[in-house]
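# Examination of the molecular architecture
Chain by chain, the residues:
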Amino acid sequence: MNKWKKKQPATTKTFKRPTLAGDGFGGRAGFFFSRALTNIRQNVFVNVVTVGTITLALLIVSLFLLVFVNLENAAENWSERVQVTVYFDKELTAQDQSAFREKISMLPGVSKVSYVTRDEALRRFKSRLKGQETLLEGVRPEVLPASFEIALKRSYRDTVSVENFVTVLKRIPGITEVQYGEEWVRRFNSFLNFMRLLGGLLGGFLVIAVIFIVSNTIKLTIYSRRDELEVMALVGATRFFIKAPFLLEGLMQGMVGAVLSVVLLFGLYEGFLHNAGSFLTFNPVTSGLSFLPPEYIAGLLLAGALLGFIGSLTSLKRFISV
Amino acid sequence: MIQLHNVSLAYQQDASALNNIDLKIAKGEFVFLTGPSGAGKTSLLRLLYGALTPNRGQVLIDGQNITRLPASQIPLLRRSIGVVFQDFKLLQNRTVFENVAITLEVLGWGRADIGKKTMHILKLMGIESKYNLVTQRLSGGEQQRVALARALVNDPKILLADEPTGNLDDANKNQILNIFKEANIRGTTVVVATHDRRLIEQSYKRLVTLNKGEIVEQVEKETASDDKDL
């Protein structure tokens, strides 16, 4: 500001109207941007409160997302156990094996087919009864059936798909006995659906609450500067001209809030990973926990920016009546 | 420059603020608008800068019927009108310079030009030394001059002032009046609403008296008043 002092006009002279900077946002972008920054500098407290609110709000949402994503991952891993098994009374010849393998592999949804011999079945049985091997004394491999274990692709693991798959599978001549743990698949899938529904509901409420809180905070900050909006309108500023710096300000607040919330979330996540071992029964480092994938982080940043922008936009609507 | 035809305005159905106003103000005129409180002075001024639209009648500014103006055109109208408000409407946490510069920023002037022009007008108002003070630290008279500077900085065609000398002492009143006169001499049409009898007696050329929303009297002096008492 001090430079104006040096530039004081020595004498009164007439001023001709200077050429205007370009019209529209493009031409004025620099002005709007510097105005927004000036506003932030002149209203530090209000801005800190707004950014803080956005940060906390997004932190809650992202914390929820993190938990949800990890639960979903865990569920995906559990669903590996959805497996269809075809039993045969006798050991198959190598020729039969490859014939069945070929036919089964051609069915839609199959991701892996593996043959389990009678000997292999006995070995597994034994390892499952570790420490009580005596129970299996006298049990010979011939007692146990040989089998094909069929793993399904992810999208084929829900109850209906598994049932359809089994129906088709049974049409292959020579296959009679099929097991797939109907009860387990059904329970697992209904649990998964319940979890998704609950997550969706909770997430939905959270998002609504966050939008409500943030938009009200922004509304208050704009309310505290309504005289500025009024004065600008009275000296002939167009609506766009009045709004643009506020919208930019909201955008910046939203982005800063989003970045802060992601940083905080990462801090919390790392802290949890390295300290939770002492009070949890499992070690979180090795349990396959993961941070939010990059597309979620990008989504959060975008959501923050949008939150600030739309919050400002809707609040301004209320105060600008030129 | 300003024409009102059969203008009526009511804030509520049965309480009219202005009634059948017919008024013509030519370019370069200096008009005092007077009358008791609630006579409709402020309402009349607000019609002129597009803050209100009349229920009936036409308001023409510079040949343009502003009652038919779309909302998006109102800002453009206001750029040629300077308004001084009863309560100043200054931004309290901004400096004197910023308060005045806002008029030029809205017009899209460049930084350097804004600086020159703003300091120039502050100098005319005699407050150039306070350019970097926030307005809430100024006296009433100084605030009034900032408000005037903001209204006059872009050399408006019309200057509207609502009780511009409301809380000022005589010395300040005369200075403010002088500023109006100088603006008028430079070609600005000036409309001042006031019930300060003494101010009017001193210097009026044309006086319009309102009462209960109607024009009850119009007086015009043939010759401009002399300035010896200012």
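Above this note sits the structure.
Attention in this report is confined to the structure presented alongside it.

## Details of the overall build of chain B
For chain B, the helix and strand inventory stands at 7 helices and 10 strands. For a compact globule of 230 residues, the expected C-alpha radius of gyration is about 17 Å, and chain B comes in at 17 Å, within 12% of that figure. The principal-axis extent of the C-alpha atoms belonging to chain B is close to 50 × 45 × 30 Å. Going through the 230 residues of chain B one by one, you find that 57% of them count as buried. When the accessible surface of chain B is totalled, it reaches about 9,700 Å², and 44% of it is carbon and sulfur. Charged side chains of chain B number 29 positive and 25 negative; the gap between the two group centres comes to 5 Å.

## Some points on the nonpolar core
Nonpolar side chains in soluble globular proteins generally cluster together in the buried interior. Counting residues in hydrophobic clusters, the biggest one holds 41 residues, and the most contacted among them are Phe32(B), Leu122(B), Met125(B), Leu148(B), Leu152(B), Leu159(B) and Phe180(B). Every element with two or more residues in this core is listed here: β3 (30-34), α3 (96-107), α4 (111-125), α5 (140-152), β7 (158-162), α6 (170-185), β8 (189-193) and α7 (197-203) of chain B. Counting 40 residues, the second-largest nonpolar core is a separate cluster that includes Leu66(A), Val214(A), Met252(A) and Ile320(A).

## A few points about the packing of helix α6 (residues 159-170) of chain A against helix α7 (residues 182-223) of chain A
Residues and elements named next belong to chain A. Interhelical geometry of α6 versus α7 gives an angle of 155 degrees and a closest axis separation of 9 Å. When the interaxial angle is binned, α6 and α7 end up roughly antiparallel. Along the contact surface, α6 presents Thr159, Val162 and Glu163, while α7 presents Val185, Arg186 and Asn189.

## Description of the pairing of strand β2 (residues 15-25) of chain B
Residues and elements named next belong to chain B. The sheet contact formed by strand β1 (residues 2-12) and β2 spans 7 bridges and is antiparallel. Bridged to Leu9 within β2 is Leu18. Following β1, the chain reverses through 2 residues before pairing antiparallel with β2.

## Digging into the packing of aromatic side chains
Tallying each qualifying case throughout the model produces 12 aromatic pairs over all chains. Measuring from centroid to centroid gives 5.7 Å for Phe32(A) and Phe240(A), while their planes differ by 85 degrees, and the two rings are edge-to-face. With Phe32(A) in helix α2 (residues 24-42) and Phe240(A) in helix α9 (residues 239-275), this residue pair connects regions lying 208 residues apart in the sequence. What makes Phe32(A) buried here is its relative accessible area of 1%. The exposure class of Phe240(A) is partly exposed, given its relative accessible area of 42%. Plain terms: the ring middles of Phe64(A) and Phe68(A) are 6.2 Å apart, the flat faces sit at 15 degrees to each other, and that makes the pair stacked. Residue Phe64(A) and its partner Phe68(A) are both found in helix α3 (residues 44-78); the two are separated by 4 residues, about one turn of the helix. When its relative accessible area of 23% is taken as the criterion, Phe64(A) is described as partly exposed. Members of the aromatic cluster, each reached through a chain of ring pairs, are Phe88(A), Phe100(A), Tyr115(A) and Phe148(A). Over the ring of Tyr223(A) we find Arg226(A), and its NZ or CZ is 4.0 Å from the ring centre. Between Lys89(B) and the ring centre of Phe85(B), over which it is positioned, the NZ or CZ distance is 5.5 Å.

## Details of empty space enclosed by the protein
For the structure shown, the criterion picks out 5 cavities of 30 Å³ or more. Taken as a whole, the largest cavity encloses approximately 110 Å³ of empty space. Taken together, 13 residues line the largest cavity, and the ones lying closest to its centre are Leu234(A), Val235(A), Ile81(B), Gly82(B) and Val83(B). In terms of residue count, the dominant contributor to the lining of the largest cavity is strand β6 (residues 81-84) of chain B (3 residues). Here the residues of the lining of the largest cavity sort into 7 nonpolar, 3 polar and 3 charged. Here the second largest cavity defines a volume of roughly 70 Å³.

## A look at the packing of α3(A) against α9(A)
All names here are of chain A. Running from amino to carboxyl end, α3 crosses α9 at an angle of 45 degrees, the nearest separation of the two axes being 7 Å. It follows from the interaxial angle that α3 and α9 lie oblique. Crossing handedness for the pair α3 and α9: right-handed. Only Glu249, Gln253, Gly254, Val256, Gly257, Ala258, Leu260, Ser261, Leu264, Leu265, Leu268 and Tyr269 of α9 make contact with α3, whose side of the interface consists of Asn47, Thr50, Val51, Ile54, Thr55, Leu58, Leu59, Ser62, Leu63 and Leu66.

## As for helix α8 (residues 226-234) of chain A
Among all positions in α8(A), only Glu228(A), Leu229(A), Val231(A), Met232(A), Ala233(A) and Leu234(A) are buried. Remark: Gly236(A) follows α8(A) within two positions and exhibits a positive phi of approximately 100 degrees.

## Quick notes on the sheet that holds strand β2 (residues 110-116) of chain A
Residues and elements named next belong to chain A. Taking strand neighbours across the sheet as the criterion, the 4 strands line up as β2-β3-β1-β4 in an open arrangement whose pairing is antiparallel. Only two strands of the sheet have a single neighbouring strand rather than two, namely β2 and β4 (177-179). Direction aside, the axes of adjacent strands within the sheet are offset by 20 degrees on average. Bridge analysis of strand β1 (residues 83-88) against β4 gives 3 bridges, and the strand direction is antiparallel. In the strand pairing of β4, Tyr87 is matched with Glu177. Sheet strands in contact with helix α4 (residues 94-106) are β1, β2 and β3 (146-152), and its direction is about 160 degrees off that of β2.

Criteria and cut-off values
Residues numbered from 1 in each chain as written. Chains lettered and ligands numbered in written order. Predicted model: local features only at pLDDT ≥ 70, side-chain atom pairs only at ≥ 80, totals over all residues. Heavy atoms only, no water. Helix = DSSP H or I, 4+ residues; strand = E, 2+ residues; numbered from the N terminus. Rg over C-alpha atoms; globule rule 2.2 N^0.38 Å. Buried < 20%, exposed > 50% of the residue type's maximum accessible area, 1.4 Å probe, protein only. Areas by Shrake-Rupley, 256 points an atom, 1.4 Å probe, with all protein chains shown as cover. Lys, Arg positive; Asp, Glu negative; His and termini not counted. Charge placed at Lys NZ, Arg CZ, Asp CG, Glu CD. Core = buried A, V, L, I, M, F, W, Y, C linked by side-chain atoms within 4.5 Å. Axes fitted to C-alpha atoms, helices over the stretch in contact; angles between N-to-C directions. Parallel < 35°, antiparallel > 145°, perpendicular 65-115°, else oblique. Contact = heavy atoms within 4.5 Å. Pairing = 2+ DSSP bridges. Phe/Tyr/Trp six-rings, centres within 6.5 Å; stacked < 30°, edge-to-face > 60°. Lys NZ or Arg CZ within 6 Å of the ring centre and 35° of its normal. 1 Å grid on protein atoms, 1.4 Å probe; cavity = no way out; pocket = protein on both sides within 12 Å on 5 of 7 lines; lining within 4 Å. Points joined across faces, edges and corners; volume = space filled by probe spheres on them. Nonpolar A, V, L, I, M, F, W, Y, C, P; charged D, E, K, R; others polar. Left-handed = near helix turned anticlockwise from the far one by under 90°.

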